[in-house]
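Notes for the structure review
These are the residues of each chain, in order.
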Amino acid sequence: DAGVTQSPTHLIKTRGQHVTLRCSPISGHKSVSWYQQVLGQGPQFIFQYYEKEERGRGNFPDRFSARQFPNYSSELNVNALLLGDSALYLCASSLLGDSYEQYFGPGTRLTVT
Amino acid sequence: GQQVMQIPQYQHVQEGEDFTTYCNSSTTLSNIQWYKQRPGGHPVFLIQLVKSGEVKKQKRLTFQFGEAKKNSSLHITATQTTDVGTYFCAGGVGNNRKLIWGLGTSLAVNP
């Protein structure tokens, strides 16, 4: 079975632009969480979705939004990009909505110039 | 706010020595999870502890969850070069919808 997949792998954007990151969870997993990881730090929780509904939100501005589709894949959108948004964006899937063991994708490396 | 502190931040050991990382929360946790992230990789789930005072072992790794469910530890016996990476703890708070992550402990093992 395929693991969690994310696209694109790398992305370079300029300030003010918007970006859409995509994630496909492990087959059968209904929950997707998004994290931002800045180099040298731990993952920072952004959103959790379960059964297409937002179940949790971290301390990120409204420029960050996400959604989950009927097939449980998910998109993370970031508007009005800032230099500080440069990071590795990780998607993690889990079987249920609670904080069960999470399986991470390889991440999308976003660079904002 | 809710925080999970993890110490030490870095640890260098000689191969064969033991290693321990500690995780402390400002609030009671519903569960604690441990992940390992190799350089350039993504976090990989190691284990989840739920019960007060729980101890679990995976080969050379021993995980503990404190009686008050506010602290946890990961102990590696006789480290190997394959143990290199950053070890993160992540605590579940409230109704489990949010994981609070520690900053991680980076382990370097000298052969």
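Relevant structure appears above.
Described below are features of the structure shown in this document.

Cut-off values and rules
- Residues numbered from 1 in each chain as written.
- Chains lettered and ligands numbered in written order.
- Predicted model: local features only at pLDDT ≥ 70, side-chain atom pairs only at ≥ 80, totals over all residues.
- Heavy atoms only, no water.
- Contact = heavy atoms within 4.5 Å.
- Buried area = accessible area lost by both parts, 1.4 Å probe.
- Salt bridge = Lys/Arg side-chain N within 4 Å of Asp/Glu carboxyl O.
- Polar contact = N/O pair within 3.5 Å; in protein donor to acceptor, adjacent residues only side chain to side chain.
- Nonpolar A, V, L, I, M, F, W, Y, C, P; charged D, E, K, R; others polar.
- Pairing = 2+ DSSP bridges.
- Helix = DSSP H or I, 4+ residues; strand = E, 2+ residues; numbered from the N terminus.
- Axes fitted to C-alpha atoms, helices over the stretch in contact; angles between N-to-C directions.
- Disulfide = S-S within 2.5 Å.
- Buried < 20%, exposed > 50% of the residue type's maximum accessible area, 1.4 Å probe, protein only.

**Considering the interface of chain A and chain B**
Listed by partner, the interface residues are 18 residues for chain A and 18 residues for chain B. A combined buried area of about 1600 Å² lies between chain A and chain B, and 52% of that area is made up of carbon and sulfur atoms. Between the two partners, chain A and chain B, sit zero salt bridges. Remark: the boundary between chain A and chain B carries three residue pairs in polar contact (both at pLDDT 80 or more). A breakdown of the residues in the side of chain A that touches chain B according to their chemical character gives seven nonpolar, eight polar and three charged.

**Focus: the sheet that holds strand β8 (residues 71–76) of chain B**
Through backbone hydrogen bonds, the strands of a sheet pair up, either in parallel or in antiparallel fashion. Residues and elements named next belong to chain B. As summarised here, the arrangement of the five strands in space is β1-β3-β8-β7-β6, forming an open sheet in which the pairing is antiparallel. The sheet terminates laterally at β1 (4–7) and β6 (55–58), the two strands that pair on one side only. Here the average twist between neighbouring strands, direction ignored, is 15°. As judged from the six bridges shared by strand β3 (residues 19–25) and β8, these two strands associate in the antiparallel manner. From the neighbouring strand, threonine 21 faces β8, where its bridge partner is leucine 74.

**Concerning the state of the cysteines**
All names here are of chain A. Evaluation of the coordinates by the stated rule reveals two disulfides over all chains. Sulfur-sulfur distance for the disulfide between cysteine 23 and cysteine 91 comes to 1.8 Å. With the S-S dihedral at roughly -60°, the linkage between cysteine 23 and cysteine 91 falls on the left-handed side. With a gap of 68 residues between them, cysteine 23 in strand β3 (residues 19–24) and cysteine 91 in strand β9 (residues 87–94) connect regions that are remote in the sequence. For the pair cysteine 23 and cysteine 91, a shared accessibility class is recorded, and that class is buried.

**Quick word on the pairing of strand β6 (residues 53–57) of chain A**
Residue and element names in this part refer to chain A. In this sheet, β6 lies alongside strand β5 (residues 44–50) in antiparallel orientation, the contact comprising four bridges. In the strand pairing of β6, glutamine 48 is matched with glycine 56. Taken together, β5 and the strand that follows it, β6, pair antiparallel across an intervening segment of two residues, in which glutamate 51 is found at a positive phi of about 50°.

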